[in-house]
Amino acid sequence: MLFYSYFKTLVGKEVTVELKNDLAITGTLHSVDQYLNVKLNNVKVVNEAKYPHMMSVRNCFIRGSVVRYVQLPPGSVDIEILHDATRREARG
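Fair warning: this is a prediction, and the values are worked out from it, not measured in the lab.

Attention shifts here to the overall build of the chain. In terms of helices and strands, the chain carries two helices and five strands. In the chain, the succession of α and β elements from N to C terminus is α-β-β-β-β-β-α. In terms of principal-axis extent, the alpha carbons of the chain reach across some 45 × 25 × 20 Å. Within the chain, the proportion of its 92 residues that are buried is 34%. When contacts within the chain are restricted to residue pairs at least 6 apart in sequence, those whose partners lie at least 24 apart make up 46%. Of the roughly 6,300 Å² of accessible surface on the chain, 54% is carried by carbon and sulfur atoms. Positive and negative side-chain charges of the chain, numbering 12 and 9 respectively, have mean locations separated by a distance of 4 Å.

See the structure below:
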């Protein structure tokens, strides 16, 4: 639940989601659920030359099981909150 709670705080911010098939999509995080499925608005593909068919997509739903990485905006990471939450979760 640590990541779910953290991703909920990022709603409305721009993130880049890299999928397991090497497709990277940048967009505004609209929503996230407990399975870490994400919905992005204002989508653009990082490598448009390789995926020209994705240029017309404006919003998308991404199943959590196909996500490899989520790149976060640099100013949105509060290290102290993450450390505290990790310690609490490790204790049980």
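On we go from here.
On to the side chain of T16. Take T16: it is sitting in strand β1 (residues 14-19). The class of T16 is buried, set by a relative accessible area of 14%. Side-chain polar atoms of T16 contact the side chain of T26, separated by 2.9 Å. Discounting chain neighbours no more than four positions away, the residues touching T16 are A24, I25, T26, V46, Y69, V70 and Q71.

In this section: the UniProt feature "domain: Sm" (unreviewed entry) in the chain. Under the feature "domain: Sm" (unreviewed entry), the UniProt entry names residues 2-76. Regarding residues 2-76, the helix share stands at 9% and the strand share at 43%, and the terminal C-alpha atoms are separated by 16 Å.

We now examine a nonpolar patch on the surface. A cluster of nonpolar residues, L72, V77 and I79, forms a patch on the protein surface that exposes about 210 Å² of accessible area. With respect to the helices, strands and loops of the structure, I79 is situated in helix α2 (residues 79-91).

It is worth spelling out the sheet that holds strand β3 (residues 38-45) at this point. Within the open sheet, the five strands sit side by side as β4-β3-β2-β1-β5. Their pairing is antiparallel. Sheet topology places β4 (59-62) and β5 (67-71) at the edges, where each strand pairs with a single neighbour. Neighbour-to-neighbour, the strand axes of this sheet turn through a mean angle of 40°, independent of strand direction. Pairing of strand β2 (residues 24-32) with β3 involves six bridges; the strand directions are antiparallel. Following the sheet pairing, T28 is matched in β3 by N41.

Parameters at a glance
- Residues numbered from 1 in each chain as written.
- Predicted model: local features only at pLDDT ≥ 70, side-chain atom pairs only at ≥ 80, totals over all residues.
- Heavy atoms only, no water.
- Helix = DSSP H or I, 4+ residues; strand = E, 2+ residues; numbered from the N terminus.
- Buried < 20%, exposed > 50% of the residue type's maximum accessible area, 1.4 Å probe, protein only.
- Contact = heavy atoms within 4.5 Å.
- Areas by Shrake-Rupley, 256 points an atom, 1.4 Å probe, with all protein chains shown as cover.
- Lys, Arg positive; Asp, Glu negative; His and termini not counted.
- Charge placed at Lys NZ, Arg CZ, Asp CG, Glu CD.
- Polar contact = N/O pair within 3.5 Å; in protein donor to acceptor, adjacent residues only side chain to side chain.
- UniProt positions renumbered as here; feature names shortened; annotations may be inferred.
- Patch = residues over 30% accessible without salt bridge, like charges linked within 9 Å, V, L, I, M, F, W, Y side chains within 5 Å.
- Salt bridge = Lys/Arg side-chain N within 4 Å of Asp/Glu carboxyl O.
- Pairing = 2+ DSSP bridges.
- Axes fitted to C-alpha atoms, helices over the stretch in contact; angles between N-to-C directions.

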